[in-house]
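Fold and contact review
Take a look at the letters that make up each chain.
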Amino acid sequence: MITADRMAAVDENAAALGVPRKQLMESSGNAVARVVQRVADPGAAVALVCGRGNNGGDAFVAARFLDGDDVTVHLLGRPESIGTDIARENWAALTAADYETRVVRDSRSLALDDPDVVVDALLGTGVTGAPRQPERTAVEAINGTDATVVAVDVPSGVDADTGEAAGVAVDADHVVTFHDAKPGLEPLDATVTVADIGIPEAAERFTGPGDRRLLSRPADAHKGAFGEVLVVGGGPYTGAPALAGQAAMRAGADLVRVACPQAVASEVQGFEEGLIVRPFDGDRLRIDHLEHVQELAAAHDTVVLGPGLGDHEATLAAVRDFLADYDGRAVVDADALGVVPDVDTDATLLCTPHQGELRGMGGPSADDWRDRLDAVADFAAELGHTLLVKGAHDVITDGERARVNRTGNPGMTVGGTGDVLAGAAGALLSTQRPVDAGALAAYANGLAGDRVVDRQGYGLLASDLLPELPRTLWGGVDA
Ligand SMILES: NC(=O)C1=CN([C@@H]2O[C@H](COP(=O)(O)OP(=O)(O)OC[C@H]3O[C@@H](n4cnc5c(N)ncnc54)[C@H](O)[C@@H]3O)[C@@H](O)[C@H]2O)[C@@H](O)CC1
Ligand SMILES: [K+]
């Protein structure tokens, strides 16, 4: 099952892999034609009723594959108002090659001449709300025929995710849907064919630019809508919490506070004036600081726990007690990771180990990500938390869903890049599901590293990633 949003993301990832949408439209149209030929007798009269989006475009393609049938393509609206280049190009191909086309300027004049089969290509996954005119009249005209109705992707007027219709909807006998079943088709009384349209498996498996569609920043968003993040870190290492805090800001968090030992507070503060520091006394986290940290954590959407905390016994005891009581969302990194398998917690954790840390948690080891995938998923299920296992290919899984990230390069083995990743993941975990937050953070962090290395070669600093993060996450994404 795939939702309309996820389908759009996979489609964009496929394009990034070199399989553009026009190619998918060709396969979609072909699949529609094959179903029409299956349900109709040879030489049947077929009317394709098309809207001005890509759903209509699929039917323009289908017409070319319906050789031998009596085919008429009805376009609802003016050809100039076709909404996408690829649909327009396929319309132009029909008219140039002398197919039987009719431009329906007034939906009341849609004459279907008693066809054997009607292909409903008015509205697909791009529909919002009830069909407006002229589509509404066309839907009624389709429902008024005795023809066998084959709907393209989803019956026009039906929401592909919910199956609900906000107004009139086409009553289809068959639905040809693409790539994967849509949840909204299940409740319908129609025969559903899922057509493989040649989307590579990698477009779903690997992170890509389409995944960023999950992120949107509506103009009317209020402060706090993108998350308030608390970084709990610092002690023996001073740069780590500052890097994580900065990364959370660059990844779009509205507000970031850092809880760190007084001994490192001025250093964290000096790193970036936007970071708000809430120090506790001494030079490392201990159980006496729990109340301070718990109070702060309760006032934030997400905690990033671990960067630079160190592995002193007293610190790990405090981490253990904190997690045992906490029931919010947290990214757990670095030395805090070792505590996770031993603690019973209601918290939602996104753990970000490298392979050595994963072994330290009792997790599996394998050199190749393909061999690791199932074992890591099993281990995540056993833990009851989400894992982002860092490597040349990062594996992100909650035991049910698994994604793999391929961005990043050997220049990123330098210290601090993991702190940047943890901070970015913290920001994203405020608004996204853990697997999505981990996948997006890994993708953006790796891509940031790739861009730095493209520009200046190896020898990057973790802080070089920070200014790249906003563009790798948000660049070129419609709000
Ligand atoms: N990966 C994908 O997502 C693929 C999608 N394809 C096709 O593309 C379709 C989605 O195409 P689009 O996004 O262009 O959208 P649609 O073709 O579903 O509809 C978009 C058009 O309908 C209009 N519209 C929206 N709501 C309306 C309403 N309530 N009343 C009247 N008009 C309304 C929009 O202004 C726009 O012109 C899919 O359903 C499928 O058929 C395929 O070509 C192949 C791959
Ligand atoms: K349709």
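Residues numbered from 1 in each chain as written. Chains lettered and ligands numbered in written order. Predicted model: local features only at pLDDT ≥ 70, side-chain atom pairs only at ≥ 80, totals over all residues. Heavy atoms only, no water.

When you go through the chain residue by residue, the secondary structure sums to 16 helices and 16 strands. With the principal axes as the frame, the chain shows a C-alpha extent of 85 × 45 × 45 Å. Residues counted as buried form 54% of the 479 residues belonging to the chain. Excluding contacts between residues fewer than 6 apart, the proportion of contacts in the chain whose partners are at least 24 apart in sequence is 69%. (Helix = DSSP H or I, 4+ residues; strand = E, 2+ residues; numbered from the N terminus. Buried < 20%, exposed > 50% of the residue type's maximum accessible area, 1.4 Å probe, protein only. Contact = heavy atoms within 4.5 Å.)

A few words now on the sheet that holds strand β2 (residues 70-76). Overall, parallel pairing links the seven strands, which are arranged β3-β2-β1-β4-β5-β6-β7 in an open sheet. Looking along the sheet, the strands with just one partner apiece sit at the ends: β3 (101-104) and β7 (191-195). Ignoring which end each strand starts from, the neighbouring axes of this sheet average 20 degrees apart. Pairing between strand β1 (residues 45-50) and β2: six bridges, direction parallel. Within the sheet, the bridge partner assigned to Val49 lies in β2 and is His74. The strands touched by helix α3 (residues 54-64) are β1, β2, β4 (117-121), β5 (148-152) and β6 (174-178); relative to β1, the strand with the most contacts, the crossing angle is about 155 degrees. (Pairing = 2+ DSSP bridges. Axes fitted to C-alpha atoms, helices over the stretch in contact; angles between N-to-C directions.)

Its domain assignment divides the chain into domain 1 (4-205) and domain 2 (223-474). Taking only C-alpha atoms into account, the centre of domain 1 sits 45 Å from that of domain 2. Taken together, the contact pairs five residues of domain 1 with five residues of domain 2. Among the residues domain 1 hides against domain 2, the three largest losses belong to Arg6, Leu17 and Arg205. Together they make up 84% of the total. Across the domain 1-domain 2 interface, the total number found is zero salt bridges. (Domains from an automatic or database assignment. Buried area = accessible area lost by both parts, 1.4 Å probe. Salt bridge = Lys/Arg side-chain N within 4 Å of Asp/Glu carboxyl O.)

All right, on to the pairing of strand β13 (residues 348-351) then. Looking at chain direction, strand β12 (residues 329-332) and β13 are connected through four bridges and run parallel. Looking across to β13, one finds that Val331 is bridged to Leu350. In this sheet, strand β14 (residues 386-389) lies alongside β13 in parallel orientation, the contact comprising two bridges. Bridging across to β14, Leu350 finds its partner in Thr386.

A few words now on unusual backbone geometry. Omega for the bond connecting Gln133 with Pro134 falls within 30 degrees of zero, at 5 degrees, which places this linkage in the cis form. The residue Pro134 is located in the loop between β4 and α5 (135-143) in this model. Positive phi, normally seen in glycine, also occurs at Asp113, with a value near 45 degrees. Checked against the element boundaries, Asp113 lands in the loop between β3 and β4. Among the residues examined, Asp113 registers a relative accessible area of 55% and is labelled exposed.

Mapped onto the fold, Asp436 is located in helix α14 (residues 434-456). A C-alpha to C-alpha distance of 8.2 Å links Asp436 and Asp211, two positions 225 residues apart in sequence. Non-local contacts of Asp436, meaning those with residues more than four positions away in its chain, are made with Leu214 and Arg401.

Time to look at the sheet that holds strand β9 (residues 255-259). Here we have nine strands laid out as an open sheet, ordered β10-β9-β8-β11-β12-β13-β14-β15-β16, and mixed in their pairing. Looking at strand neighbours, the two that pair on one side only are β10 (276-277) and β16 (402-405), the edges of this open sheet. In this structure, strand β11 (residues 302-305) lies alongside β12, joined through four bridges in parallel fashion. Its bridge partner being in β12, Val303 is matched across the sheet by Ala330. Along the sheet, helix α9 (residues 290-298) contacts β8 (228-232), β9 and β11; its crossing angle with β8, the most-contacted strand, is approximately 160 degrees.

The set of residues buried in helix α8 (residues 262-271) consists of Val264, Ala265 and Val268. All buried residues of α8 lie within an arc of 130 degrees about the axis, which places them on one face of the element. For α8, exposure combined with an orientation more than 90 degrees from the buried face picks out Ala263, Ser266 and Gly270. If you follow the buried residues of α8, they end up packed against α7 (239-250), β9 and β10. (Arc of directions from axis to C-beta.)

This paragraph deals with the UniProt feature "binding site: AMP" (unreviewed entry) in the chain. When the UniProt feature table is mapped onto this chain numbering, "binding site: AMP" (unreviewed entry) sits at Gly418. Here Gly418 lies in helix α13 (residues 417-429). In this structure, Gly418 is in contact with Asp333 and Lys390, ignoring residues within four places of it in sequence. (UniProt positions renumbered as here; feature names shortened; annotations may be inferred.)

Quick look at the site of ligand 1 now. In the vicinity of ligand 1 there are 23 residues, among which Asn55, Asp58, Gly124, Ala130 and Asp153 approach most closely. A distance of 2.8 Å separates an oxygen atom of ligand 1 from a polar atom in the side chain of Asn55. At a separation of 3.0 Å, a nitrogen atom of ligand 1 approaches a polar backbone atom of Arg132. Expressed as a share of its isolated accessible area of 880 Å², the protein-covered part of ligand 1 is 85%. Mapped onto the shell around ligand 1, the elements with two or more residues apiece are α1 (4-16), α2 (21-39) and α3. Of the residues in the shell around ligand 1, the class split is eight nonpolar, nine polar and six charged. (Near = heavy atom within 4 Å. Polar contact = N/O pair within 3.5 Å; in protein donor to acceptor, adjacent residues only side chain to side chain. Areas by Shrake-Rupley, 256 points an atom, 1.4 Å probe, with all protein chains shown as cover. Nonpolar A, V, L, I, M, F, W, Y, C, P; charged D, E, K, R; others polar.)

Here we come to the coordination of the potassium ion (ligand 2). At 2.6 to 3.1 Å from the potassium ion (ligand 2) lie its protein donor atoms, namely Asn55 (OD1), Asp120 (O), Leu123 (O), Val152 (O), Val154 (O) and Ser156 (OG). Viewed at the metal, the six donor atoms of the potassium ion (ligand 2) are separated by angles of 65 to 173 degrees, and the geometry they form is irregular. Each donor residue of the potassium ion (ligand 2) belongs to the same chain, and together they define the spacing N-x64-D-x2-L-x28-V-x1-V-x1-S. Placement of the pair is Asn55 in helix α3 and Ser156 in the loop between β5 and β6, with a sequence separation of 101 residues. An identical accessibility class is assigned to Asn55 and Ser156; each is buried. (Donors = N, O, S within 2.8 Å, 3.2 Å for Na, K, Ca; no water. Tetrahedral: all angles 85-135°; square planar, octahedral: opposite > 155°, others 65-115°.)

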